[in-house]
Amino acid sequence: MIHSLWRYRYFIIGAIKSELIARFSRSKLGAIWMVINPLAQVLIYALILSNVLAAKLPGIENKYSYSIYLMAGLLAWTLFHDIVSRLLTLFIEQGNLMKKMSFPRITLPTIVVGSSLLNNLLLFIAMLGIFVLLNQQFNPVILWLIPLTLVIVILSIGLGLVLGIINVFLRDTGQVVPIVLQMWFWFTPIVYPISIIPQKYHDLLILNPMYPMTSAYQQILVYGQAPSLDSIAITAAVGCTLTLLGLFIFRRANAEMVDVL
Amino acid sequence: MSLLSVQDIGKAFRSYRSEWQRFARWFGIPMQPSEEHWVLRHVNFDVAAGEAIGIIGQNGAGKSTLLKVITGTLKPTEGAIHINGRIAAILELGMGFNPELTGRQNVIHAAGLMGFSMDEIQAAIPAIQAFAEIEEYFDEPVRIYSSGMQVRIAFAVATAWRPEILIVDEALSVGDSYFQHKSFNRIREFQDQGTTLLIVSHDRSSIQTLCDRAILLENGTVIKDGNPEEICDFYNAIIAEKKDRTVQVKRLDNGKTQTTSGTGEARVEEIVLYNSVGDAVEFVEVGDTVELRITAKVYQPIETLVLGYGIKDRLGQVMYGTNTWHTKQVIERPKAGERYQFTIRFTANLGVGSYSIQTALVDKDTHLTANYEWQDMAFVFNVVNIDKTHFVGCLWSEPVIKIEEMVA
């Protein structure tokens, strides 16, 4: 698997590039659209909810702190959401190609992950620019984002691969997962601070593997503090398990997938 | 050592009562599929370098599945395939082209998908561009291409590197005739350099001109493997014979095979060829007026009787063929026991070589509604050139050539 990925490395890089070119070749603003979308979301939440929720963010003087908090959480969530939802439909969309051409199938999810990472990097750069405008301070803690991104990628590959393969055989999956993802988004403290959740439900958040990630992003970008590693380690373990499971199913189902596509 | 060896291949499409049972199987829990549909079973053949093999069969016989198993997009359920070399397929040209990307970018993408490295691709691009002959369009997005231009690019990429095995699936009939010739030439060149061709087609003339061997697939198994002309005749016979299989194959003295099929209400009894002097002959002079006399006997009362005949060259290409339906000479309600003699007079405007006559006794204009008797290789004769200008080719078309010196 790794050998064929290496052999096809130029193809993968080329495909990521082509995907970008194709998506924006005929729009005037080009790649800027990639960041406008999530930033517009931030703007909407910030306009509507800042008065209600801003007061609940403890310990920060910056009056734009709620917007920064929002962006931090969304940066983590969009990466996760992007990879999972694209892997979900990947094999169905590429079904025709898989039926007609013989090439290592593992390149397909790799391309998705690569292009999602690139999107996320652009979004991050755009957000940094906005943070500077909002007078937000940074310190070297920000480097923590690199391993954190890796953990999110592993978690989303695992989940996306498993769901994407199941979706080939059970098409209902493709309908259910977006709904679940939306509910999941609202059950994760991204738009609202954790303080508004009643204390007795806090323990339930352990069950949400994305919660440690969004809260770590918020710790780093809003408060400039290093994240606590215990809960992240759990997420990483869950991610690794799911990825191994995904790759195992992928090997098993590879031949059968083309049969039913 | 053979280039491609297909050993007892079987492909089954399995369905389960619930998809959860399928998932359980991946984890090693034994589950019986509720239905197994075998598309291929016990397919065996070996292919040597430089061979050209036609794969023939009716729709649903398993041709495409076999090709997919050979190219590797489908995994066989049982059996094994050994391949020594690279396979390229001209299946659906232009598959996966992105309309927003330029021709050049799509070429890089498609070649990458075939597994070539960046250096190899960059080195091959000038040749691809030159072969496709689409000039300045090469750096324009594919969405503004005509379909012909897309096919040109797709063919140029697919054949940019000589593969050991080239699979061609009726794709050759695309593009304008100039490019068709060009792509045909390239396939021929590959073949001369030792590439093995696997051709799937319903068109018997392309199978017979390109291939030196044919494989007939029926219901997922190879039912015949041999000389293309013989296989095509046999295939032709079985399409007519779907209900009762009475196809007979007889080996003639000259090593060719005679295929006879039909339901037998009427049969050809005798075929004789007379030259212009009135002698029964097997050798005909170029340009001589000859008579082909075919005697047919009716064994059971039928509605209508039509005789069709064709003259085929040694490769099995039909030079000329017609029937008494088209000449409006249908015999109405012939009775059992009646005999008819058909005298067909024509000029042998044929090139030097060996020719065969095929005959068909049918009810209407084709042999698909009722086929009383169909005979390939029913009669063999030779055309010799005795007093005409020496010429090559399969058509005698005596020219008048005038030469004048031009005065400057």
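Here the structure is shown first, and the text comes after it.
Predicted, not measured: the structure shown is a model, and the values here were computed from it.

Draft legend 1. Layout of the pairing of strand E1 (residues 4–15) of chain B. Residue and element names in this part refer to chain B. Pairing between E1 and strand E4 (residues 78–83): 5 bridges, direction antiparallel. Looking across to E4, one finds that Gln7 is bridged to Ala80. Sheet analysis places E1 next to strand E2 (residues 35–47), joined by 9 bridges and oriented antiparallel. Residue Phe13 lies in a different strand from E2, and its bridge partner there is His37.

Draft legend 2. Spotlight on the sheet that holds strand E14 (residues 289–298) of chain B. All names here are of chain B. If you walk across this open sheet you meet the 3 strands as E12-E14-E18, and the pairing is antiparallel. Each edge of the open sheet carries a strand with a single partner, namely strand E12 (266–274) and strand E18 (339–347). Ignoring which end each strand starts from, the neighbouring axes of this sheet average 20° apart. Of the pairings in the sheet, the one linking E14 to E18 comprises 9 bridges and is antiparallel in character. Bridging across to E18, Arg293 finds its partner in Thr343.

Draft legend 3. Highlighting the environment of B:Ser64. Residues and elements named next belong to chain B. By secondary structure assignment, the location of Ser64 is in helix H2 (residues 63–71). Ser64 sits in the partly exposed class, given a relative accessible area of 46%. Taking the C-alpha atoms as reference, Ser64 lies 46 Å from Val281; in sequence the two are 217 residues apart.

Draft legend 4. The interface of chain A and chain B, seen in detail. Residue-level contacts link 33 residues of chain A with 33 residues of chain B. With both chains or domains summed, chain A and chain B bury close to 2,900 Å², and 67% of this area falls on carbon and sulfur atoms. Counting the surface chain A buries against chain B, the share from its top three residues, A:Phe11, A:Lys100 and A:Asp259, is 19%. Taken together, the links from chain A to chain B amount to 0 salt bridges. Linking chain A with chain B are 3 residue pairs in polar contact (both at pLDDT 80 or more). Residue assignment for the side of chain A that touches chain B shows that the elements contributing at least two residues are helix H2 (9–24), helix H5 (95–100), helix H7 (145–169) and helix H10 (229–260) of chain A. With 10 residues, the single largest contributor to the side of chain A that touches chain B is H10(A). A breakdown of the residues in the side of chain A that touches chain B according to their chemical character gives 21 nonpolar, 4 polar and 8 charged.

Cut-offs and rules
Residues numbered from 1 in each chain as written. Chains lettered and ligands numbered in written order. Predicted model: local features only at pLDDT ≥ 70, side-chain atom pairs only at ≥ 80, totals over all residues. Heavy atoms only, no water. Pairing = 2+ DSSP bridges. Helix = DSSP H or I, 4+ residues; strand = E, 2+ residues; numbered from the N terminus. Axes fitted to C-alpha atoms, helices over the stretch in contact; angles between N-to-C directions. Buried < 20%, exposed > 50% of the residue type's maximum accessible area, 1.4 Å probe, protein only. Contact = heavy atoms within 4.5 Å. Buried area = accessible area lost by both parts, 1.4 Å probe. Salt bridge = Lys/Arg side-chain N within 4 Å of Asp/Glu carboxyl O. Polar contact = N/O pair within 3.5 Å; in protein donor to acceptor, adjacent residues only side chain to side chain. Nonpolar A, V, L, I, M, F, W, Y, C, P; charged D, E, K, R; others polar.

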